[in-house]
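Listed below, chain by chain, are the residues.
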Amino acid sequence: MTDSPLRAPAVDPQTLARLAGGLAHELKNPLSTINLHLALLEEDWQEEDGVKPRRTVKTVRILKEEVQRLNGILEDFLRFARTDRLELQATTLQEQVEQVVLFAAPEAERLGIRIQTYLDLEMPPLQLDVGRFRQALLNLIINARQAMEGRGHGTITIMTQRQGDQALVEVLDDGPGMTADTLQQCLQVYYTTKKEGSGLGLATVRRIVEAHEGHLEVESSPGNGTRMRLFFPLKTTELADG
Ligand SMILES: Nc1ncnc2c1ncn2[C@@H]1O[C@H](COP(=O)(O)OP(=O)(O)O)[C@@H](O)[C@H]1O
Ligand SMILES: [Mg+2]
């Protein structure tokens, strides 16, 4: 049987991802123009007294918030859908974890959440795309923080450890943990239990780790907190070192 000319040609996933990424990127420009003009509109109407101007300002603010929300959705999507190559460099997990913690600690502390680290100082350097690794770790810290915020206390523990030819980064929290149902679905794209969640955080972490030829393991149960384990191969650097 020959192919029917009516059947649409298959688009491979790579092409589709590039297409979607391109679309998301294109949408960001007009959105930023809309945002700018809404800001100008707000400024104009703010100077006026009266019921109508006040109502207009309120409407414009709602529009601005929605534009920002759209922008956030696109950015989350672009972070997930990135198809460009990793920019690998030799670095230590210790250094990268310290940088991310430095960045994330103030906001956590504000919510009564402590971030403690146990870093293996003997770990050899490895090849990482530093930007993406930090993104992954930050996503995990944000999830842990969100799981515990509102409670006013909590601890996030970040540990690094060599395990044979793999480097392990573990992010542990003593939050509420996940139900069996959530655990099963949490890595899926757009799965979220949060009102304003993107559902792309863990899927992005997984993509980043797997792009490094590593893997991600999740352990969680209600009342027992959550343990995220990122494994990265150490081999690349050691081979390169001869
Ligand atoms: N540390 C954690 N503690 C409890 N639940 C978590 C944790 N991390 C992730 N989850 C669950 O996994 C879901 C998916 O997480 P994620 O992919 O980051 O999307 P989002 O954070 O936008 O919801 C969350 O909505 C939450 O239910
Ligand atoms: Mg998240």
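What you see is a predicted model; the values in this text were computed from it and never measured.

Student: Even after reading the chapter, I still don't get the side chain of Glu 170, so can you show me in this structure?
Tutor: Summarising the element assignment, Glu 170 is placed in strand 5 (residues 166-173). Reaching out from Glu 170, the side chain makes a polar contact with the side chain of Arg 229 at a distance of 3.0 Å. Residues in contact with Glu 170, not counting those within four places in the same chain, are Thr 157, Ile 158, Met 159, Arg 227, Met 228 and Arg 229.

Student: Would you mind showing me how to read the environment of Glu 122 here?
Tutor: Following the sequence through the fold, Glu 122 ends up in the loop between strand 2 (113-118) and strand 3 (126-129). For Glu 122, a relative accessible area of 71% corresponds to the exposed category. On a C-alpha basis, the gap between Glu 122 and Gln 99 in space is 18 Å, while along the polypeptide they are 23 residues apart.

Student: Looking at this structure, I do not really get the packing of aromatic side chains. What am I missing?
Tutor: For any pair of aromatic rings, the description rests on two quantities: the centre-to-centre distance and the angle between the ring planes. Applying the stated rule across the entire model yields one aromatic pair. Geometry around Phe 80 places Arg 207 over its ring, the cationic atom sitting 5.2 Å from the centre.

Student: Sorry, what's going on with the domain arrangement of the protein chain here?
Tutor: In many reports, interface size means the accessible area that the parts give up when they come together. The assigned domain composition of the protein chain is domain 1 (13-81) and domain 2 (88-240). Every contact between the two is made by five residues of domain 1 and, on the other side, eight residues of domain 2. Note on domain 1 versus domain 2: buried area summed over both sides is about 640 Å², and carbon and sulfur give 64% of it. Ranking the residues of domain 1 by area buried against domain 2 places Asp 76, Arg 79 and Phe 80 at the top, with a combined share of 76%. Across the contact surface, domain 1 and domain 2 share one residue pair in polar contact (both at pLDDT 80 or more).

Student: What exactly am I supposed to notice about the site of ligand 1 here?
Tutor: Near ligand 1 you find 18 residues, and of these Asn 143, Asp 173, Thr 192, Thr 193 and Lys 194 are the closest. Here an oxygen atom of ligand 1 sits 2.5 Å away from a polar atom, N or O, in the side chain of Thr 193. One nitrogen or oxygen atom from the main chain of Leu 202 is found 2.8 Å from an oxygen atom belonging to ligand 1. Sorting the residues of the shell around ligand 1 by element identifies helix 4 (130-148) and helix 6 (201-211) as the ones contributing at least two each. Residue classes in the shell around ligand 1 are distributed as six nonpolar, ten polar and two charged.

Student: Is there a simple way to think about a negative patch on the surface in this case?
Tutor: The grouping of Glu 43, Asp 44, Glu 47, Glu 48 and Asp 49 at the surface amounts to a negative patch. Here Asp 49 is to be found in the loop between helix 1 (13-46) and helix 2 (51-81).

Student: Honestly, the sheet that holds strand 2 in this entry has me stumped. Any pointers?
Tutor: Pairing between sheet strands relies on hydrogen bonds along the backbone, with the strands arranged either parallel or antiparallel. The strand order across the open sheet built from five strands is 2-4-5-7-6, with neighbouring strands paired in mixed fashion. Both outer strands of the open sheet, strand 2 and strand 6 (215-220), are each paired with one neighbouring strand and no more. Averaged over all neighbouring strand pairs, the angle between strand axes comes to 15 degrees, with direction disregarded. Sheet topology places strand 6 next to strand 7 (residues 226-233); six bridges connect them, and they run antiparallel. Following the sheet pairing, Glu 217 is matched in strand 7 by Arg 229. The strands that helix 3 (residues 93-110) touches are strand 2, strand 4 (154-163) and strand 5; relative to strand 2, the one it contacts most, it runs at about 170 degrees.

Thresholds applied
- Residues numbered from 1 in each chain as written.
- Chains lettered and ligands numbered in written order.
- Predicted model: local features only at pLDDT ≥ 70, side-chain atom pairs only at ≥ 80, totals over all residues.
- Heavy atoms only, no water.
- Helix = DSSP H or I, 4+ residues; strand = E, 2+ residues; numbered from the N terminus.
- Polar contact = N/O pair within 3.5 Å; in protein donor to acceptor, adjacent residues only side chain to side chain.
- Contact = heavy atoms within 4.5 Å.
- Buried < 20%, exposed > 50% of the residue type's maximum accessible area, 1.4 Å probe, protein only.
- Phe/Tyr/Trp six-rings, centres within 6.5 Å; stacked < 30°, edge-to-face > 60°.
- Lys NZ or Arg CZ within 6 Å of the ring centre and 35° of its normal.
- Domains from an automatic or database assignment.
- Buried area = accessible area lost by both parts, 1.4 Å probe.
- Near = heavy atom within 4 Å.
- Nonpolar A, V, L, I, M, F, W, Y, C, P; charged D, E, K, R; others polar.
- Patch = residues over 30% accessible without salt bridge, like charges linked within 9 Å, V, L, I, M, F, W, Y side chains within 5 Å.
- Areas by Shrake-Rupley, 256 points an atom, 1.4 Å probe, with all protein chains shown as cover.
- Salt bridge = Lys/Arg side-chain N within 4 Å of Asp/Glu carboxyl O.
- Lys, Arg positive; Asp, Glu negative; His and termini not counted.
- Charge placed at Lys NZ, Arg CZ, Asp CG, Glu CD.
- Pairing = 2+ DSSP bridges.
- Axes fitted to C-alpha atoms, helices over the stretch in contact; angles between N-to-C directions.

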